[in-house]
Amino acid sequence: MSTEELDNFKKSGDYIQSLERGLQVIQAFSQQHSSMTVSDAAKKTGLSRPAARRILLTLEALGFAESKNGSYSLTARTLSLGYAYLSSNNSWSMAHPFMKQFVDQTGESCSISILDGADILYVARVSTKRIMSINLGVGSRLPAYATSMGHVLLANLPKAELEAYLEKMNFEKFTDKTITDKEEFLKVLEGVREKNWGGVDQQFEEGLRSIAVPIRNARGKVIAAMNCSVHAGRVNKDVLREEFLPLLQEAAEQIGQALAAANSSSFE
């Protein structure tokens, strides 16, 4: 649904704002914010403090959150929300043979993500060695503007949707190399769009660099991004671009073809 369509739907009688707010609070939790006070939740979501409090209390009553000393954290029950998606939509399992082949060829980790709000959401991953300070897996979320897959996905958004994203975006500087200037960021996305791949060098975490390419459906629409992430001290940019990029592009094309052949309506 486009931004304009969503705005129109919000004005209809079918839209449930309380559900939207509840999901906003759930999505506000992350690796960096594993527990939050009512004030924290209100600040991160833009909700009023009373609204955030009611939502957190409801989540606690339903078993999706627990509280201790005034701070709330999610419980394992929230995994059922992600599992519902994975169990009802197993199309990404088709990608694993191609991802595994790439990992065997390069010895480096490989992931697929989709754009979900301001974040990228991991839907498939084949890892080798841990190179980040946080554990990544299916369901993990990272800020789109600081990741190679995020750059690919944002670069392929319709202009109106990209502008809406940038209007709401609060750029946080994770490292000295994180791009936080809007105009500079737009130039980077323009370059990604032109060359059909993107790369970041230690923008989200020191010592981590990655490249990413789009995965397209049968009509050529970008439905996901696929990346290779490496430790900057082990793999230089030339190796990433000259050796790994062609292999990544080939794998992404094969995955797109496999999804198209399966005629999965989820990606139409």
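Because the structure is predicted, anything quoted here is derived from the model rather than measured.

### Section: empty space enclosed by the protein
Counted according to the given criterion, the structure contains two cavities of 30 Å³ or more. Of the volumes computed, that of the largest cavity is approximately 150 Å³. Listing elements by their share of the lining of the largest cavity, those giving two or more residues are strand S5 (119–126), helix H7 (148–155), strand S8 (208–216) and strand S9 (222–231).

### Some thoughts on the confidence of the model for the protein chain
Within the protein chain, residue pLDDT values average 85, and 89% of them lie at 70 or more. Looking at the elements of the protein chain, mean pLDDT is at its lowest for helix H5 (residues 79–88), recorded as 63, and at its highest for H7, recorded as 95. Predicted confidence for residues 264–268 stays below pLDDT 50, and this span has twelve contacts to residues more than four positions away or in other chains.

### Re the pattern of salt bridges
Summed over the entire model, instances satisfying the criterion amount to eight salt bridges. Note that Asp116 and Arg141 form a salt bridge whose closest N and O atoms lie 2.8 Å from each other. In this pair, Asp116 sits in strand S4 (residues 109–116) while Arg141 sits in strand S6 (residues 141–143), placing the two residues 25 residues apart along the sequence. When its relative accessible area of 27% is taken as the criterion, Arg141 is described as partly exposed. The salt bridge partner of Arg209 is Asp201, with a shortest N-O separation of 3.0 Å. A single burial state applies to Arg209 and to Asp201, both of which are buried. Members of the salt-bridge network, linked through shared partners, are Lys177, Asp201, Arg209 and Lys237.

### Brief notes about the sheet that holds S5
What holds strands together in a sheet is hydrogen bonding between their backbones, with the strands either parallel or antiparallel. A sheet is described by the order of its strands in space; here six strands give the open sequence S6-S5-S4-S9-S8-S7, paired in antiparallel fashion. Two strands lie at the open edges of the sheet, namely S6 and strand S7 (198–201), each paired on one side alone. Here the strands of the sheet are splayed against their neighbours by 30 degrees on average, with no regard to which way each runs. Note: S8 against S9, nine bridges, orientation antiparallel. By the bridge assignment for S9, Arg209 is matched with Val230. Contacting S4, S5 and S9, helix H6 (residues 96–106) runs over the sheet at an angle of about 75 degrees to S5.

### Things to note about the side chain of Asn227
Following the sequence through the fold, Asn227 ends up in strand S9. By relative accessible area, which is 5% here, Asn227 ends up buried. Aside from chain neighbours lying at most four places away, what touches Asn227 is Ser109, Cys110, Ser111, Ser148, Met149, Ser210, Ile211, Ala212 and Leu248.

Rules used in this analysis
Residues numbered from 1 in each chain as written. Predicted model: local features only at pLDDT ≥ 70, side-chain atom pairs only at ≥ 80, totals over all residues. Heavy atoms only, no water. 1 Å grid on protein atoms, 1.4 Å probe; cavity = no way out; pocket = protein on both sides within 12 Å on 5 of 7 lines; lining within 4 Å. Points joined across faces, edges and corners; volume = space filled by probe spheres on them. Helix = DSSP H or I, 4+ residues; strand = E, 2+ residues; numbered from the N terminus. pLDDT = per-residue confidence, 0-100. Contact = heavy atoms within 4.5 Å. Salt bridge = Lys/Arg side-chain N within 4 Å of Asp/Glu carboxyl O. Buried < 20%, exposed > 50% of the residue type's maximum accessible area, 1.4 Å probe, protein only. Pairing = 2+ DSSP bridges. Axes fitted to C-alpha atoms, helices over the stretch in contact; angles between N-to-C directions.

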